[in-house]
Amino acid sequence: MWWMAWAAAAEVRELTLEEAMERLADAPELRIAAGRADAADGIARQVAATWQPVIALKGSYVHNDHSVILSFSDLFAQLPVPIDAPGDATLQPLQAWTASGSVQVPLIAPTNWLEARAAHLQAEGADHAVREQVLAMQAGLVSASAGVEAAEGLLAASERALQSAEEHQHATEVARAVGTASTVDTLTAQAQVARRKGDVVTARQAVEDAQEALGELLGFDGPVRVTFPAEDPLVGEPLRRPLLDAADADLAAANARVNAAWSRHLPRIDGYATGLASTVAFPTSLKTAWKVGLDATFVLYDGGLRYGKLDQAKADRAVAQATLEQRERQVSREVRQADGDVEAAREALALAEQQAALASKAADVARRSYEAGTASALVARDADTEAFGAEVGAVAARARLRAAVAAARRARGEEGGW
């Protein structure tokens, strides 16, 4: 069908592991996580603004229904002793333009400081969580790429097994023609060819599916394969895992919220300064004015809000402490397990490659012996089957080693250098 032809003609995009890692940085999952971290930074900035100075400018225009002017000259004229009268005072102008500027500075605001500190630490934890997700996706990319490599290796092994089966079928037909092979041998050889053709079809579909899945992981609409460097990266010493950094930040934020809840018992002191200017003189007979002052607030009772905040903060701190301890055990266990998996995978790969080499030699010897008439067709077929299985085992062992190394690097918190 036409869609099968289109799928078969789809071009496979090939990337190096470094290029794939760079592409992974733009994955939707990481953009979502980075957006949440940016939102946490925005919240931290909002909370920090509550203990920053506030500077404001204001302008207004007013038009009253009538004006009220206090005339001191008329009032002082009625006194028996002449006194120089001050100028008139406008209590309510008919219309006026007024401009004012104000500055308010929190001088003592412990609750705001500590809540801002908690929000900052929470945002820091969100950043560490993004790093942890990056690490997990990088390890997943290596595993997925190794899966593609394993599928391609299986396909190559299946094609070689098919070629070997076809050669065996031809040798069987020749042996039957000279009377050294039976009809059963010929039919069995044909069945083996059909089986190997089925293996090739299945393996080819597995390669296409794995490449499509890898392309989707990297955000491509189409198949992708990733080439690995000549040498696998070594597993280094354990580093500080971002997962633990995030838990540390969460615990520190919880402690800051506990302290912020306690600080609600302390007073708050704000300083302020205001300047005014008007087109109509104030009652002082001046068109400008200013004032400075201090505001002190000491909450004696707030309905139990401070105690509710304290209970909540203590509960959050207990959860954060338990989470940190749990993650420390988790990371320690993951490191030990990953070390064991890497060692087991290396040993399994060495044995699988040795087995594949020996099985390949045995298959060659059996094939030549069968062609020379010193071995049966059954022995030759069994040797080919054993060689195919051993080659597939070596391919799978290589993929398991790559995945194990990636998991070990993730468990150790090794960022970059893949």
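Before reading on, note that the structure itself is shown above.
Worth saying up front: this structure is predicted, and the values here are computed from it rather than measured. (Residues numbered from 1 in each chain as written. Predicted model: local features only at pLDDT ≥ 70, side-chain atom pairs only at ≥ 80, totals over all residues. Heavy atoms only, no water.)

Student: Can you walk me through the pattern of salt bridges in this structure?
Tutor: Once the charged atoms of two side chains with opposite charge are near each other, the side chains can pair. Here the structure, examined in full by the defined rule, presents 20 salt bridges. Here Glu-159 ties to Arg-204 by a salt bridge, and the two come within 3.7 Å at their closest N and O atoms. In this pair, Glu-159 sits in helix 5 (residues 110-177) while Arg-204 sits in helix 6 (residues 183-217), placing the two residues 45 residues apart along the sequence. The partly exposed category is assigned to Glu-159, whose relative accessible area is 37%. Classification of Arg-204 as partly exposed rests on a relative accessible area of 37%. (Salt bridge = Lys/Arg side-chain N within 4 Å of Asp/Glu carboxyl O. Helix = DSSP H or I, 4+ residues; strand = E, 2+ residues; numbered from the N terminus. Buried < 20%, exposed > 50% of the residue type's maximum accessible area, 1.4 Å probe, protein only.)

Student: Would you mind showing me how to read the environment of Val-319 here?
Tutor: Structurally, the position occupied by Val-319 is in helix 8 (residues 305-372). Assessed through its relative accessible area of 51%, Val-319 is described here as exposed. For the pair Val-319 and Asp-221, spaced 98 residues apart in sequence, the C-alpha to C-alpha distance is 43 Å.

Student: Is there a simple way to think about the packing of aromatic side chains in this case?
Tutor: Remark: the centre distance and the inter-plane angle together describe each pair of aromatic rings, the angle taken between the planes. Evaluated as defined, the whole model comprises one aromatic pair. Taken together, a centroid distance of 4.7 Å and an interplanar angle of 40 degrees make the contact between Tyr-61 and Trp-97 tilted. Of the two residues, Tyr-61 is situated in strand 2 (residues 54-63) and Trp-97 in strand 5 (residues 95-108); the sequence distance between them amounts to 36 residues. According to the relative accessible area criterion, Trp-97 is exposed, its value standing at 55%. For the cation-ring pair, Arg-196 lies above Phe-388, with the distance from its terminal atom to the ring centre recorded as 4.5 Å. Sitting over the ring of Phe-228, Arg-402 keeps its end group 4.0 Å from the ring centre. (Phe/Tyr/Trp six-rings, centres within 6.5 Å; stacked < 30°, edge-to-face > 60°. Lys NZ or Arg CZ within 6 Å of the ring centre and 35° of its normal.)

Student: Explain the sheet that holds strand 8 (residues 288-297) here, please?
Tutor: Each strand in a sheet pairs with another by means of backbone hydrogen bonds, the pair being arranged parallel or else antiparallel. The strand order 2-5-7-8 describes an open sheet built from four strands, whose pairing is antiparallel. The sheet is open, and its two edges are formed by strand 2 and strand 8, each paired on a single side. Strand after strand, the sheet turns through a mean of 20 degrees between neighbouring axes, direction not considered. Judged from the 10 bridges that link them, strand 5 and strand 7 (residues 268-278) form a sheet pairing that is antiparallel. (Pairing = 2+ DSSP bridges. Axes fitted to C-alpha atoms, helices over the stretch in contact; angles between N-to-C directions.)

Student: How do you make sense of the packing of helix 2 (residues 17-24) against helix 5 when you look at a structure like this?
Tutor: Closest axis-to-axis distance for the helix 2/helix 5 pair is 11 Å, and the angle between their directions is 140 degrees. Here helix 2 is positioned oblique relative to helix 5, judged by the angle of their axes. Once helix 2 is placed against helix 5, the crossing between them reads as right-handed. Listed contacts from helix 5 to Leu-17, Ala-20, Met-21 and Leu-24 of helix 2 are Met-137, Gln-138, Leu-141 and Val-142. (Parallel < 35°, antiparallel > 145°, perpendicular 65-115°, else oblique. Left-handed = near helix turned anticlockwise from the far one by under 90°. Contact = heavy atoms within 4.5 Å.)

Student: Just checking my understanding: could you explain the nonpolar core for this structure?
Tutor: Among soluble globular proteins, nonpolar side chains are generally buried collectively. Judged by nonpolar contacts, the single largest core of 32 residues is most densely connected at Leu-141, Leu-214, Leu-218 and Val-224. If you list the elements that add at least two residues to this core, you get helix 2, helix 5, helix 6, strand 6 (224-227) and helix 9 (377-412). Sort the elements by how many residues they give to this core and helix 5 lands first, with 11 residues. Setting aside its immediate chain neighbours within four residues, Leu-218 contacts Leu-15, Ala-20, Arg-23, Leu-24, Leu-141 and Val-224. In this structure, Leu-349, Ala-390, Ala-408 and Ala-411 belong to the second largest nonpolar core, which totals 23 residues. (Core = buried A, V, L, I, M, F, W, Y, C linked by side-chain atoms within 4.5 Å.)

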